[in-house]
Amino acid sequence: MPKSRVRINLTGKREETTATLYIGAFESRCGHCDRPTLSDALRHTDISGWTPRPGTGCGARFVNVASDSHRNTSDDLRRVRPDLPLRDHIA
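Residues numbered from 1 in each chain as written. Predicted model: local features only at pLDDT ≥ 70, side-chain atom pairs only at ≥ 80, totals over all residues. Heavy atoms only, no water.

A. Fine view of the overall build of the protein. Each helix and strand counted, the protein has one helix and six strands in total. Ordered by position from the N terminus, the helices and strands of the protein form the series β-β-β-β-β-β-α. The buried share of the protein, taken over its 91 residues, is 33%. Taking the contacts inside the protein whose residues are at least 6 apart along the sequence as the reference set, 37% of them involve residues at least 24 apart. For the protein, the computed accessible surface area is about 6100 Å², with 52% contributed by carbon and sulfur atoms. (Helix = DSSP H or I, 4+ residues; strand = E, 2+ residues; numbered from the N terminus. Buried < 20%, exposed > 50% of the residue type's maximum accessible area, 1.4 Å probe, protein only. Contact = heavy atoms within 4.5 Å. Areas by Shrake-Rupley, 256 points an atom, 1.4 Å probe, with all protein chains shown as cover.)

B. Highlighting the sheet that holds strand E4 (residues 28-30). Taking strand neighbours across the sheet as the criterion, the four strands line up as E5-E4-E3-E6 in an open arrangement whose pairing is mixed. Taken across any chain shown, the strands that pair with only one partner, and hence form the sheet edges, are strand E5 (36-37) and strand E6 (61-66). Bridging between strand E3 (residues 18-23) and E6 involves five bridges; their strand directions are parallel. Residue pairing across strands places Tyr 22 opposite Ala 66, the latter belonging to E6. (Pairing = 2+ DSSP bridges.)

C. Spatial organisation of unusual backbone geometry. For Asp 34, which is not glycine, the phi dihedral falls at a positive 65 degrees. On the secondary structure map, Asp 34 appears in the loop between E4 and E5.

D. Region of the structure containing the state of the cysteines. Evaluation of the coordinates by the stated rule reveals zero disulfides. Among the cysteines around Cys 30, which has no disulfide bond, Cys 58 carries the closest sulfur, lying 3.6 Å off. Here Cys 33 stays free of any disulfide, with the sulfur of Cys 58 as its closest cysteine sulfur at 3.8 Å. The class for Cys 33 is partly exposed, based on a relative accessible area of 26%. (Disulfide = S-S within 2.5 Å.)

E. Up close: the pattern of salt bridges. Considering all chains together, one arrives at seven salt bridges under this definition. Notably, a salt bridge pairs Glu 16 with Arg 61, separated by 2.9 Å at the nearest N-O pair. On the criterion of sequence distance, the pair formed by Glu 16 in strand E2 (residues 14-16) and Arg 61 in strand E6 is long-range, its members being 45 residues apart. For Asp 83, the salt bridge is made with Arg 81, and the minimal N-O distance between the two is 2.8 Å. Look at Arg 81 and you get buried, because its relative accessible area is 4%. Counted as one network, the salt bridges with shared partners bring together Glu 16, Arg 43 and Arg 61. (Salt bridge = Lys/Arg side-chain N within 4 Å of Asp/Glu carboxyl O.)

Below, the structure written as C-alpha cells:
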C-alpha cells in the first residue's frame, strides 16, 4: 500500500493530506494537485490519462466528491462514488 503524504503543522503534529475528487465529463482529477486520477481511487497514487504514470500522484486521500461539469448530476456522482459525500456540486 502506498504511503500517504503527510505535512507537519505549526504545532508539530503530522496531518494527512486530503482532497476532493473532481469527476468531470471525460476525466477525474485530484483537488489537491489538480492532476488526473481514476474515479475509483481511494488515494491519488497514480497519474492517469493518455500517458499514465503509476506511483506519481500526490498521495492525498479523497474525502468527498464534486464535479465542475454540468453534465454530471448529483445522482451520477453518487452512482460513481457512493462512499464519498458530495461537496459543492453545481448541478
